[in-house]
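Chain and residue survey
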Amino acid sequence: MGGISIGQLLIIAVIVVLVFGTNKLRTLGSDLGESIKGFKKAMSDDEKPEQPEKMSQDADFDTKNLTEKSTAAQSEKSENKSKDKEQV
């Protein structure tokens, strides 16, 4: 009483194959498998503890120390002076 027997399952399977065709069922099965795989991956990504990123940078800027900045500024000043002397 209640429940579906093997014979009824076979009849349902035959009707589904006749209605949709094997190609449509094959693509439906692969799409369903990919979506389940993607869902499992997303769930496992949420469970992992978030690790802080190593010195995240915006755009393409490089971080410099104060000593590097002062050295770069001095070299730019000397380059500008040499260009000024060449133009005179």
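Considerations on the overall build of the protein
Looking only at helices and strands, the protein features three helices and zero strands. Beginning at the N terminus, the succession of helices and strands in the protein can be written as α-α-α. Put simply, the protein has 88 residues, and 0% of those count as buried. Carbon and sulfur atoms form 59% of the exposed surface of the protein, whose accessible area is close to 8,900 Å².

Brief notes about a nonpolar patch on the surface
Together, Ile4, Leu9, Ile11, Ile12, Ile15, Val16, Val19 and Phe20 give the surface a local cluster of nonpolar side chains, amounting to about 770 Å² of exposed area. Of note, Leu9 is situated in helix α1 (residues 6-20). Since its relative accessible area comes to 47%, Leu9 is described here as partly exposed.

Observations regarding the confidence of the model for the protein
Residue-level pLDDT values for the protein average 77, and 58% of them are 70 or greater. Confidence, expressed as mean pLDDT per element, reaches its minimum in the protein at helix α3 (residues 66-87) with 67 and its maximum at α1 with 93.

Focus on α1
Compared with the 21 Å implied by 1.5 Å per residue over 15 residues, the 21 Å span of α1 between its first and last C-alpha is a close match. Gly21 sits one or two residues past α1 and shows a positive phi near 85 degrees.

Quick notes on the rules
- Residues numbered from 1 in each chain as written.
- Predicted model: local features only at pLDDT ≥ 70, side-chain atom pairs only at ≥ 80, totals over all residues.
- Heavy atoms only, no water.
- Helix = DSSP H or I, 4+ residues; strand = E, 2+ residues; numbered from the N terminus.
- Buried < 20%, exposed > 50% of the residue type's maximum accessible area, 1.4 Å probe, protein only.
- Areas by Shrake-Rupley, 256 points an atom, 1.4 Å probe, with all protein chains shown as cover.
- Patch = residues over 30% accessible without salt bridge, like charges linked within 9 Å, V, L, I, M, F, W, Y side chains within 5 Å.
- Salt bridge = Lys/Arg side-chain N within 4 Å of Asp/Glu carboxyl O.
- pLDDT = per-residue confidence, 0-100.
- Expected span 1.5 Å × (residues − 1).

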